[in-house]
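One-letter residues, chain by chain:
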Amino acid sequence: MTSAMEFRRPVPTDGEAILNALPNPVLLVAPDGRIVDANIAAESFFEISTQFLRRQSLKELVPFGSPLLALIEQVRTSGSPVNEYKVDLGTPRIGGDRQVDLHVAPLTERPGHIVVMLQERTIADKMDRQLTHRSAARSVIALAAMLAHEIKNPLSGIRGAAQLLEQQASSEDRLLTRLICDEADRIVTLVDRMEVFGDDRPVARGPVNIHSVLDHVKRLAQSGFARNVRFIEDYDPSLPPVLANQDQLIQVFLNLVKNAAEAVADLGTDAEIQLTTAFRPGVRLSVPGKKSRVSLPLEFCVKDNGSGVPEDLLPNLFDPFVTTKQTGSGLGLALVAKIIGDHGGIIECESQPRKTTFRVLMPMYSAAKQLDQSNRDDVPGTSSPASQDAR
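Residues numbered from 1 in each chain as written. Predicted model: local features only at pLDDT ≥ 70, side-chain atom pairs only at ≥ 80, totals over all residues. Heavy atoms only, no water.

Summing up its helical and strand segments, the protein has 12 helices and 14 strands in all. Looking at the protein as a whole, 39% of its 391 residues qualify as buried. By sequence separation, contacts in the protein at least 24 residues apart represent 62% of the contacts at least 6 residues apart. Only carbon and sulfur atoms are counted for the fraction: they give 54% of the accessible area of the protein, which is about 22,300 Å². (Helix = DSSP H or I, 4+ residues; strand = E, 2+ residues; numbered from the N terminus. Buried < 20%, exposed > 50% of the residue type's maximum accessible area, 1.4 Å probe, protein only. Contact = heavy atoms within 4.5 Å. Areas by Shrake-Rupley, 256 points an atom, 1.4 Å probe, with all protein chains shown as cover.)

Further remarks concern the pattern of salt bridges. Scanning all chains against the criterion turns up 12 salt bridges. Where Arg159 meets Asp185, a salt bridge forms, and the shortest distance between an N and an O atom there is 2.6 Å. Of the two residues, Arg159 is situated in helix 6 (residues 152-168) and Asp185 in helix 7 (residues 171-195); the sequence distance between them amounts to 26 residues. By relative accessible area, Arg159 is classed as partly exposed at 23%. Since its relative accessible area comes to 30%, Asp185 is described here as partly exposed. The shortest N-O distance in the salt bridge between Glu299 and Arg359 comes to 3.2 Å. Taken together, the residues Glu299 in strand 12 (residues 298-304) and Arg359 in strand 14 (residues 355-362) connect sequence positions 60 residues apart. Glu299 gets classed as buried once you look at its relative accessible area, which sits at 10%. When salt bridges that share partners are traced, they join Glu166, Arg178 and Asp182 into one network. (Salt bridge = Lys/Arg side-chain N within 4 Å of Asp/Glu carboxyl O.)

Glancing now at the nonpolar core. Counting 42 residues, the largest nonpolar core has Leu249, Phe253, Leu256, Ile273 and Phe300 as the members making the most contacts within it. Ranked by the residues each element gives to this core, the list is headed by helix 9 (residues 246-263), at 8 residues. With near-sequence residues (within four places) excluded, Phe300 lies in contact with Ile210, Leu239, Val242, Phe253, Thr276, Thr277, Phe358, Arg359, Val360 and Met362. Grouped together as the second largest cluster of nonpolar side chains are 25 residues, Phe46, Leu71, Ile114 and Val116 included. (Core = buried A, V, L, I, M, F, W, Y, C linked by side-chain atoms within 4.5 Å.)

A separate point is the packing of aromatic side chains. Scanning the entire structure with this criterion turns up 2 aromatic pairs. Relative to Phe46, the ring of Phe45 has its centre 4.9 Å away and its plane inclined at 80°; by these criteria the two rings are edge-to-face. For Phe45, a relative accessible area of 4% corresponds to the buried category. Looking at Phe46, the relative accessible area reads 1%, which means it is buried. Taken together, a centroid distance of 6.2 Å and an interplanar angle of 65° make the contact between Phe253 and Phe300 edge-to-face. (Phe/Tyr/Trp six-rings, centres within 6.5 Å; stacked < 30°, edge-to-face > 60°.)

Let's shift gears to the environment of Val100. Looking at the secondary structure, you find Val100 in strand 4 (residues 99-106). Judged by its relative accessible area of 0%, Val100 is buried. Residues Val100 and Lys86 lie 14 residues apart in sequence; the distance between their C-alpha atoms is 5.2 Å.

Moving on, we get to the sheet that holds strand 13 (residues 346-352). As a general point, the strands of a sheet are linked pairwise by backbone hydrogen bonds and lie either parallel or antiparallel. Strand order in this open sheet of 5 strands is 7-9-12-14-13, and the pairing throughout is mixed. Two strands close off the open sheet at either side, each with one partner strand: strand 7 (230-234) and strand 13. Shown here is a sheet whose adjacent strand axes are inclined to one another by a mean of 15°, direction ignored. As judged from the 7 bridges shared by strand 9 (residues 272-279) and strand 12, these two strands associate in the antiparallel manner. Bridge pairing in strand 12 places Gln274 opposite Lys303. Against the sheet, helix 9 makes contact with strand 7, strand 9, strand 12, strand 13 and strand 14, and its axis sits at roughly 25° relative to strand 12, the strand it touches most. This element, helix 10 (residues 332-342), spans strand 13 and strand 14 of the sheet and lies at about 140° to strand 13. (Pairing = 2+ DSSP bridges. Axes fitted to C-alpha atoms, helices over the stretch in contact; angles between N-to-C directions.)

Glancing now at the packing of helix 9 against helix 10. At a minimum axis distance of 10 Å, the contact between helix 9 and helix 10 shows a crossing angle of 145°. Note on packing geometry: the crossing formed by helix 9 with helix 10 is left-handed. Across from Gln248, Gln251, Val252, Asn255, Leu256 and Asn259 in helix 9, the residues of helix 10 making contact are Gly332, Leu333, Leu335, Val336, Ile339 and Ile340. Of the residues belonging to the contact of helix 9 with helix 10, the class tally is 7 nonpolar, 5 polar and no charged. (Left-handed = near helix turned anticlockwise from the far one by under 90°. Nonpolar A, V, L, I, M, F, W, Y, C, P; charged D, E, K, R; others polar.)

Here is the structure:
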């Protein structure tokens, strides 16, 4: 009978342990282009095991004519390491948008062998864009406060004057006075929506089951604007709670699902929205004003098979007044970005025809941290700035 010892994974050497500890994918490529070895991060990047990678040629894993293949030949010829930045390694199997920085160097102990390290740029670029989104949101907060004070009051007078004129106007002129009232109401509604950005009051947060939120949003959608859309759910049932305000999360995902439903409205029976949840350890964000980096391991996605977001709009999609809809105000996604940012998370959109993904990364709930924050709030003089402003 075969012993259990024979099925155990061999104990890695120090070198293997160091390579596997690296968060970046590392490959060792033979002179004939065959992959000799790979670390655990490479398995995750290419979504196949090391054993299978070792049976592959590198050109089978990267796009045809990829700059990586030319870089390897250059390094093999010159014997010197080379770096290349923002190289697209996306393929249909591993995803269509996988930009990486390449670090290619010869392995002097084994002539002709090349070491390739990949550093994916998605997360780094995502952090940079989030800081831009938050800066834009702060600008809208100041604009909203100004609009509320400087526009709503005069509009009240304009609407009141139009109503007085309407009482003595002819039927033709009454149409014009009604137009004035309707347009004044429309502007007030727009300003009311913008005032939400200026609300800095602290919001009660606690452990929230994201699957309860998504199920609630799905029921609302299927009973109304997405009644003809097929929903696909791919949930991680072991996901821990997210630290959030449940009502605001419902608002966020209802907005995202409504956008997805509008994107697939012309597909008829092929319309599809996918809701996914997953645990992604290793994503950490530096937040201004805090020394420690915030961990964002919880990933929630809303995907649709619509026509996609125009490429020129993607970098500014979460900025105010940016919209692809003819009748849209461009404030829905800006509000979503603000709510997620207030929760310490980030949101990003990746889009190509028939595959658009809105990805939300958020911190998980920690009872110890929540208790520590509550204790600090109860001690005089230790309240957070937001709490002090609210008082």
